[in-house]
Amino acid sequence: MGNTGKNANCSIHNIYKLDGRVPVAKAIPFGLQHILAMFVSNLAPITIIAGAAKPALTTAQIGVLLQNAMFVAGIATMIQLYPVWKIGSRLPVVMGVSFTFVTVLSTISANYGYPAVIGAVLIGGLVEGTLGLLAKYWRKVITPIVAASVVTAIGFSLFTVGARSFGGGYHEDFGSAQNLLLGSITLLTCLLWNIFAKGYLKQLSVLAGLIVGYVLAIFLGKVDLSLIMSGGILSLPTIMPFKPEFHPGAILSACIIFLVSAAETIGDTSALVSGGLDRQITGEEISGSLACDGYASAFSALFGCPPVTSFSQNVGLVAMTKVVNRFTIMTGAVSMILAGLLPPVGNFFASLPDAVLGGCTIMMFGSILTSGIQMIAACGFEQRNIVIASLSLSVGIGFTTASEVGIWDIFPPLVQSVFASNVVAVVFVMSIILSILLPKDMDIKKMEG
């Protein structure tokens, strides 16, 4: 009996190991926690992009896309966890539909129609995936201080996302007393669980907060339980719901934003490896994660969906809990696939109120920022690194703040759509330019002076 208890204890601790064996019953709660943390954010971009389409998409068409998005996100996550050839990183990366593309794809949707979005995503995904496979030829451009600056920028960029969710999301009752109460109680539950839970259960604080917040939301009338059983029991994903259309302007815009997304993926995976595995990311892991990002996005286009990419919410969750076990995250990916096949499961996940999600994620987003700061510290505070990090972050955050966004007005619409509201894109470009132009021996010259 003593050995049995010891083995069980070892298997529990395997959740902190990439390839450790974890009992299914113990793995499922952690996997669900990852999926619940990103589920609403995975669906929201589709609604926004489809809403901008001219001609407008019907409610039924949007419903098909939402179902397909869940299925595609689950498949893409499985490929990241368990690579196919060189596509995938073998890291606990959770994939989902990205907000990074919303502005550009909404513009394409409004100007050319939704089929043009699919054509642009299909080509852009193939471009990013191929660049990922060739990463060894250009990866040296992404120096450690560049990656650290991008991770820090990702943390900053998510603060407003967390605040928006905390207040109730993009609904008329944003900032209402009910939403603030929901967000606060959910956050308090996460904090108290973190303080008083013992052992591995401590790492389930987000799931505890989501459950308490969801139950409270039901009592407050914020959840329509009748919608959960709508749509039947089983529904297979629809392949090619839209025939792709190819417009050069749309494809160029999409390819540019795919490069920005690649920078975010490098930052996300670097933060995940640094915060969850306490080491530096390898070239193979960067190459595999980017290849999966790109080719999975092309796969997503075949199901009529926007691009999928690594989710920063889940990077924050890994940084906070240190749960990196691939099998554990895989149970979440399976849940996502089931959500795409079983409408009641998908409807249940989708019914999670924004305020509850915000109460859980607002602390996780702070974890990404601290991971970036730790990465900057690990690079060292030589003069060159200080200049790269401080200047790229000050320009990136300052120039993309909502009150100062008019600074981009003199630039062409394409430049504005890529950079004006995207702190990560600006920090990425600035840090790379500075890394290339600044002399390597700045500190030596300073000492000699």
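Scope of this entry: the structure provided in the associated data block. Along each chain, numbering runs from 1 in the same order as the chain's sequence is written. A pLDDT threshold of at least 70 governs which residues receive local features in this predicted model, and a stricter bar of 80 or more applies before side-chain atom pairs are shown or counted, although totals over entire chains, interfaces and linings include all residues. Working from all heavy atoms in the structure, the side-chain values ignore hydrogens and water.

**With respect to the packing of aromatic side chains**
Link 1 in the chain: Two aromatic rings from Phe, Tyr or Trp, using only the six-membered ring of Trp, form a pair when their centres are within 6.5 Å; if the ring planes differ by under 30 degrees the pair is stacked, by over 60 it is edge-to-face, and anything between is tilted. Under the definition given, this model contains eight aromatic pairs.
Link 2 in the chain: Members of the aromatic cluster, joined through ring pairs, are Phe-399, Trp-408, Phe-411 and Phe-419.
Link 3 in the chain: In this structure, Arg-164 is placed above the aromatic ring of Phe-174, and the distance from its NZ or CZ to the ring centre is 4.0 Å. Placement of a positive charge over a ring is assigned whenever Lys NZ or Arg CZ falls within 6 Å of the ring centre and within 35 degrees of the normal to the ring plane.

**Things to note about the nonpolar core**
Across soluble globular proteins, nonpolar side chains have a tendency to be buried as a group.
Link 1 in the chain: Counting residues in each nonpolar core, the largest one holds 127 residues, and the members touching the most others are Phe-39, Leu-57, Ile-108 and Tyr-114.
Link 2 in the chain: Ranked by the residues each element gives to this core, the list is headed by helix H9 (residues 248-277), at 13 residues.
Link 3 in the chain: Two residues qualify as a contact provided that any one of their heavy atoms is within 4.5 Å of a heavy atom in the partner residue. Excluding residues within four positions of it along the chain, Tyr-114 makes contact with Ile-49, Ala-50, Ala-53, Leu-57, Leu-65, Ser-109, Phe-242, Gly-304, Cys-305 and Pro-306. Joining through side-chain atoms within 4.5 Å is the link that ties buried Ala, Val, Leu, Ile, Met, Phe, Trp, Tyr and Cys residues into a set, and such a set is a nonpolar core. Think of it in three bands: residues with accessible area under 20% of the maximum for their type are buried, residues over 50% are exposed, and the middle band is partly exposed, with areas taken using a 1.4 Å probe on protein chains only. Starting at the N terminus, helices and strands are each numbered in turn, a helix being any DSSP run of H or I of at least four residues and a strand any DSSP run of E of at least two.

**Description of the pattern of salt bridges**
Link 1 in the chain: Put simply, a salt bridge is a Lys or Arg side-chain nitrogen that is within 4 Å of an Asp or Glu carboxyl oxygen. Inspection of the entire model under this criterion finds four salt bridges.
Link 2 in the chain: For Arg-279, the salt bridge identified is with Glu-285, shortest N-O distance 2.6 Å.
Link 3 in the chain: Linked by salt bridges that have partners in common, Asp-19, Arg-90 and Arg-326 make up one network.

**Thoughts on a nonpolar patch on the surface**
Link 1 in the chain: Residues enter patches when they are more than 30% accessible in relative terms and free of salt bridges; like-charged ones are connected within 9 Å and nonpolar ones (Val, Leu, Ile, Met, Phe, Trp, Tyr) within 5 Å. Accessible surface is estimated by sampling points in the Shrake-Rupley manner with a 1.4 Å probe; for residues, cover comes only from the protein chains shown. Judged by side-chain polarity, Val-141, Val-429, Ile-433, Ile-436 and Leu-437 come together as a nonpolar surface patch covering roughly 440 Å² of accessible area.
Link 2 in the chain: As for its placement among the helices and strands, Val-429 is situated in helix H17 (residues 423-437).

**Concerning the packing of helix H7 (residues 177-196) against helix H8 (residues 205-219)**
Think of two packed helices as two axes; the pair is described by the angle between the axes and how far apart they sit.
Link 1 in the chain: Interhelical geometry of H7 versus H8 gives an angle of 145 degrees and a closest axis separation of 8 Å. Between H7 and H8 lies a crossing of right-handed hand. Mapping the contact onto sequence places Leu-182, Ile-185, Thr-186, Thr-189, Cys-190, Trp-193 and Asn-194 in H7 and Ser-205, Val-206, Ala-208, Gly-209, Leu-210, Val-212, Gly-213, Leu-216 and Ala-217 in H8.
Link 2 in the chain: Asp, Glu, Lys and Arg are counted as charged, while Ala, Val, Leu, Ile, Met, Phe, Trp, Tyr, Cys and Pro are counted as nonpolar; the rest, among them Gly, fall into the polar class. Of the residues contributing to the contact of H7 with H8, the split by class is 10 nonpolar, six polar and no charged. Axis geometry follows a simple rule: fit a line to the C-alpha atoms, using only the stretch in contact for helices, then measure angles between N-to-C directions, giving values from 0 to 180 degrees. Left-handed describes a crossing whose near helix is turned anticlockwise from the far helix by less than a right angle; the clockwise case is right-handed.

**Focus on the environment of Glu-172**
Link 1 in the chain: Structurally, Glu-172 is set in the loop between helix H6 (144-166) and H7.
Link 2 in the chain: Relative accessible area serves as the criterion here: at 86%, Glu-172 is assigned to the exposed category.

By themselves, these observations are geometric and do not establish any function.
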